[in-house]
Amino acid sequence: MPEILQYGFMQRAFLAGVVVALICPAIGIFLTLRRLSMIGDTLSHVALAGVAGGILLNFYPIYMALILTLLASFGIELLRKEFHQYAEISLAVVLSFGIGLATILISLGGAGAQVFSYLFGSVTLVTSRDMLSILILGAIIMATVLFYYRQLFYMAFDETAARLAGVPVKRINMIFTILVAVTISISMRIVGILMVSSLMVIPVATSLQLKKSFLVTFIASLCFGLISVLAGLTISFYASLAPGGTIVMTSVGILIIVAAIQRLMSN
Amino acid sequence: MTVLSEVITLHNVTFGYDEITLLRDVNFQVQHGEFWGIVGPNGSAKSTLLKLMLGLLKPQSGTCSLFGTPVGEFRKWDQIGYIPQNVREFNMGFPATVKEMVSANLISQMGAFKWMNAHHRKKVEEALHIVGMEAYAARRIGQLSGGQQQRVFIARTLVNSPKVIFMDEPLVGVDVESQEKFYELMEKLNRQMGITLIMVSHDIGVVSERTSHIACVGKEKLFVHDANTFNPEEYLESIYGEKTRLVHHAH
Ligand SMILES: Nc1ncnc2c1ncn2[C@@H]1O[C@H](COP(=O)(O)OP(=O)(O)OP(=O)(O)O)[C@@H](O)[C@H]1O
Ligand SMILES: [Mg+2]
């Protein structure tokens, strides 16, 4: 066995990493195509408040983040109805609330170092409990996305037509909102709060470069996510760097390479 | 005529988005097999009328029915095709092939897991064949011309074997040659396949030649005409005043 896999914490990090690498682009592709990728950013700022609050109250931070992001995502839906022509406003309001609350909570207690590991991701600190939460919730997310794959695809292209074709648009929007919140809460342990939304968007941006069918784009974005996380975790281990940074930089690297190859081939 | 052949019924429908009433006490009926052209100036509520018929908007008073069922309780959406006005304003980079687009509309006919079976695949092929786009099945939708996209959207409604198709200005930005093909296709759908057609258009001259009935929207009302006795010049005068003359394009 290579050295990197001999450590229990690395095994946990890789296992959890694979799950995160698959669910982030699987959710991200629908967010991106519906031009809602800002939601990822917004909810991750709220997740930060959840983490800080959890540490302060001695409550499992991932679940605290989960509760807050779920509340926030329904808050966004409500505000969206208030400002229905300006969807971004509702995002900006919730993002400000999240970062404001997080700042207050962090400055209240001495949780700085621990918050740090959630901000930038961590490999050494992934506990068995973290891994189990990520595995179970991740499997539920993936199964739900695959179950509603066709409906989500149709809604991303044309929500009105989907509704007329018999897709229960309201219910699926609700379910999808929950999926986004859960994805962010469980992914932040590995990639870090600041980089969750990048892992949701960059592998998707890379696979969009291929200009293929939706199915190919979907599968390719999962593959690019997987490569980024596996390579990123390995680099993070050998270079002692925070995994969030190495994962996102790898995914950006892949994006640039794919875009360049695509440019060369079309010339 | 029997009640059964009534495809669309509006009964005393009144509607406005805000205080301004756009339609007041409108009564309207479409029978099976008819081809209706809906005309009217910009902002006269043509698109609104279509959305009311489809239940996408709710009337302030009155009722809209499809096949005799109030639209709120109507469930057989596979019998209805709708091509909205902004249908071709989609993101041209959207990663979807023609086949994926057209298959999506079969969703209500698939099982819980939405797998495509041989029967579904055949339906998609047939729909693409009717509109003459089978050679483009694997192309990305954004790579097609406007007229080709138009035909794909028609195929998307055809996979479900609809009984009625609503089209909101389907010919905007489509060149004259493709328009000719479009009307040939409409004739095929209407005459051979017996599909009832409702089409919003600004090209009053062509509409009066091709459709069987015409509804003019304006001044909170709907004025219906038989296409044979409809006089486009008179209609334009009533809307724009005396000076305007219909410019006849030689197609
Ligand atoms: N969502 C909306 N909210 C408020 N008012 C609206 C809305 N949609 C349309 N309107 C108004 O209702 C009126 C009718 O609009 P509608 O889109 O039905 O017109 P139309 O006849 O289809 O016009 P066009 O020929 O430009 O397509 C217009 O004055 C428009 O400004
Ligand atoms: Mg209109």
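Use the structure listed above.
Not measured: the values here are computed from a predicted model.

This paragraph deals with the nonpolar core. Within the largest apolar cluster, 129 residues are counted, with the highest numbers of intra-cluster contacts made by Ile27(A), Phe30(A), Met188(A), Phe218(A), Ile154(B) and Met186(B). With 15 residues, helix α1 (residues 8-33) of chain A is the largest single contributor of residues to this core. Beyond its immediate stretch of four places on either side in the chain, Met188(A) contacts Ala47(A), Val51(A), Pro61(A), Ile62(A), Ala65(A), Tyr118(A), Gly121(A), Ile193(A) and Val196(A). Formed by 34 residues, the second largest nonpolar core is a distinct cluster that contains Leu164(A), Leu52(B), Cys64(B) and Phe74(B).

Attention shifts here to the site of ligand 1. All names here are of chain B. Around ligand 1, 13 residues are found, and the nearest of them are Gly43, Lys46, Ser47, Thr48 and Gln85. For ligand 1, an oxygen atom lies 3.4 Å from a polar atom in the side chain of Glu169. His202 is positioned such that a nitrogen or oxygen atom in its side chain is 3.0 Å from an oxygen atom of ligand 1. About the coverage of ligand 1: the protein hides 59% of its 630 Å² of free accessible area. The residue makeup of the shell around ligand 1, split by class, is four nonpolar, seven polar and two charged.

Turning our attention to the coordination of the magnesium ion (ligand 2). All names here are of chain B. Looking at the magnesium ion (ligand 2), the protein donor atoms are Ser47 (OG) and Gln85 (OE1), and they sit 1.9 to 2.2 Å from it. With Ser47 in helix α1 (residues 46-53) and Gln85 in the loop between β6 (80-83) and α2 (98-104), this pair connects stretches of sequence that are 38 residues apart. Accessibility expressed as a relative area gives 16% for Ser47, which makes it buried. Judged by relative accessible area, which is 43%, Gln85 ranks as partly exposed.

About the cut-offs
- Residues numbered from 1 in each chain as written.
- Chains lettered and ligands numbered in written order.
- Predicted model: local features only at pLDDT ≥ 70, side-chain atom pairs only at ≥ 80, totals over all residues.
- Heavy atoms only, no water.
- Core = buried A, V, L, I, M, F, W, Y, C linked by side-chain atoms within 4.5 Å.
- Buried < 20%, exposed > 50% of the residue type's maximum accessible area, 1.4 Å probe, protein only.
- Helix = DSSP H or I, 4+ residues; strand = E, 2+ residues; numbered from the N terminus.
- Contact = heavy atoms within 4.5 Å.
- Near = heavy atom within 4 Å.
- Polar contact = N/O pair within 3.5 Å; in protein donor to acceptor, adjacent residues only side chain to side chain.
- Areas by Shrake-Rupley, 256 points an atom, 1.4 Å probe, with all protein chains shown as cover.
- Nonpolar A, V, L, I, M, F, W, Y, C, P; charged D, E, K, R; others polar.
- Donors = N, O, S within 2.8 Å, 3.2 Å for Na, K, Ca; no water.

Everything listed is a geometric property; what it means functionally is a separate question.
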